[in-house]
Amino acid sequence: MAVKEGANKEAVRQLKWYQLLLLRVLALLMGLWTRTLRFKLDGKLQALRKSDWSTFIFIFWHNRLFVAPAFFRRYLPERKVVPLVSSSNDGVWLTAFLKQMRIQSVRGSRYHRGGQAVRELIKTSEAGFDIAITPDGSRGPIYDMKAGAVAVAMKTNRPIVLLSFNFGKALRLKSWDRFYLPIPFTSIEVKMEIVEQLSELGSGDSKSVANVLKRRLDAITEDDLSTG
């Protein structure tokens, strides 16, 4: 079973040919940019590769999204990762941009198509695809672990991989999440924590579990919001 491409085709139809051409050029430039980056990995990547689980749910903060495709292509090329993309107008551009990199996506947010997106993500996981979610996207607030990501994990009974990219040198955009743009040739420390059983986090309430996951993701995330 393949991921349905309806959302991707819809996004492509909404953009003009010159806009798609621009996205293709940007995708090529991004590929060249990220090839200069040096990832420093922790030992948990090997544990992930050797795990008996067929699929995972990757969770990382929205402002570290820039390097995520390069990380998965370089170190987990065997995994098929499908991101959740906002159903907003900005999500149209991101969906079309990801398609330029041959990455399918599922559209939805808590504001629009939330329930439908959860159902599609569950089917996607059952079909053998990993899911990637930025739980504070697409509108923030920054570093807010929304319960929707946890709800998907609880319904699919798939383990969660908390993933953090910590940058050596990077520019910060003036966006709501202070988005990171790593300086070419800089180093990026990759930290992760694998949570195989959500039951070990306490009650079955998604909000309380989300609070625990936020603390754990914050613990492996390096940031100083006071710096530019």
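In what follows, the structure referred to is the one given above.
The structure displayed is predicted, hence computed values, not measured ones.

Rules and cut-offs
- Residues numbered from 1 in each chain as written.
- Predicted model: local features only at pLDDT ≥ 70, side-chain atom pairs only at ≥ 80, totals over all residues.
- Heavy atoms only, no water.
- Patch = residues over 30% accessible without salt bridge, like charges linked within 9 Å, V, L, I, M, F, W, Y side chains within 5 Å.
- Areas by Shrake-Rupley, 256 points an atom, 1.4 Å probe, with all protein chains shown as cover.
- Salt bridge = Lys/Arg side-chain N within 4 Å of Asp/Glu carboxyl O.
- Helix = DSSP H or I, 4+ residues; strand = E, 2+ residues; numbered from the N terminus.
- Buried < 20%, exposed > 50% of the residue type's maximum accessible area, 1.4 Å probe, protein only.
- Pairing = 2+ DSSP bridges.
- Contact = heavy atoms within 4.5 Å.
- Axes fitted to C-alpha atoms, helices over the stretch in contact; angles between N-to-C directions.
- Core = buried A, V, L, I, M, F, W, Y, C linked by side-chain atoms within 4.5 Å.

### Things to note about a nonpolar patch on the surface
Thought 1: Taken together, the side chains of Trp17, Tyr18, Leu21, Leu22, Val25, Leu26, Leu29, Leu32 and Trp93 make up a nonpolar region of the molecular surface, amounting to roughly 940 Å² of accessible area.
Thought 2: Here the element with the most residues in the nonpolar patch is helix α2 (residues 17-35); it accounts for 8 residues.
Thought 3: Mapped onto the elements of the fold, Tyr18 is located in helix α2.
Thought 4: For Tyr18, a relative accessible area of 47% puts it in the partly exposed group.

### A look at unusual backbone geometry
Thought 1: Here the residue pair Gly140 and Pro141 is connected by a cis peptide bond, since its omega of 5 degrees sits within 30 degrees of zero.
Thought 2: Turning to its location among the elements, Pro141 is positioned in the loop between β5 (130-133) and α7 (147-156).
Thought 3: A positive phi angle, near 50 degrees, is found at Arg178, a position not held by glycine.
Thought 4: Structurally, Arg178 can be placed in the loop between β7 (170-172) and β8 (180-182).
Thought 5: The class for Arg178 is buried, based on a relative accessible area of 15%.

### Regarding the sheet that holds strand β6 (residues 160-167)
Thought 1: The sheet built from 7 strands is open, its strands ordered β1-β9-β6-β2-β5-β3-β4 with mixed pairing. At either margin of the open sheet sits one strand with a lone partner, and together these are β1 (38-41) and β4 (106-107).
Thought 2: As paired elements, β1 and strand β9 (residues 187-195) share 4 bridges and run parallel to each other. Following the sheet pairing, Phe39 is matched in β9 by Ile188.
Thought 3: Against the sheet, helix α4 (residues 68-75) engages β1, β2 (57-59), β3 (81-85), β6 and β9, with an angle of about 70 degrees to β1.
Thought 4: Strands in contact with helix α8 (residues 206-219) are β2, β6 and β9; relative to β6, the strand with the most contacts, it is inclined by about 35 degrees.

### Considering the nonpolar core
Thought 1: Grouped together as the largest cluster of nonpolar side chains are 67 residues, with contacts concentrated most on Phe39, Phe71, Phe72, Leu163, Phe165 and Leu213.
Thought 2: Among residues more than four places away in sequence, those in contact with Phe39 are Val67, Ala70, Phe71, Arg74, Tyr75, Phe165, Ile188 and Val190.

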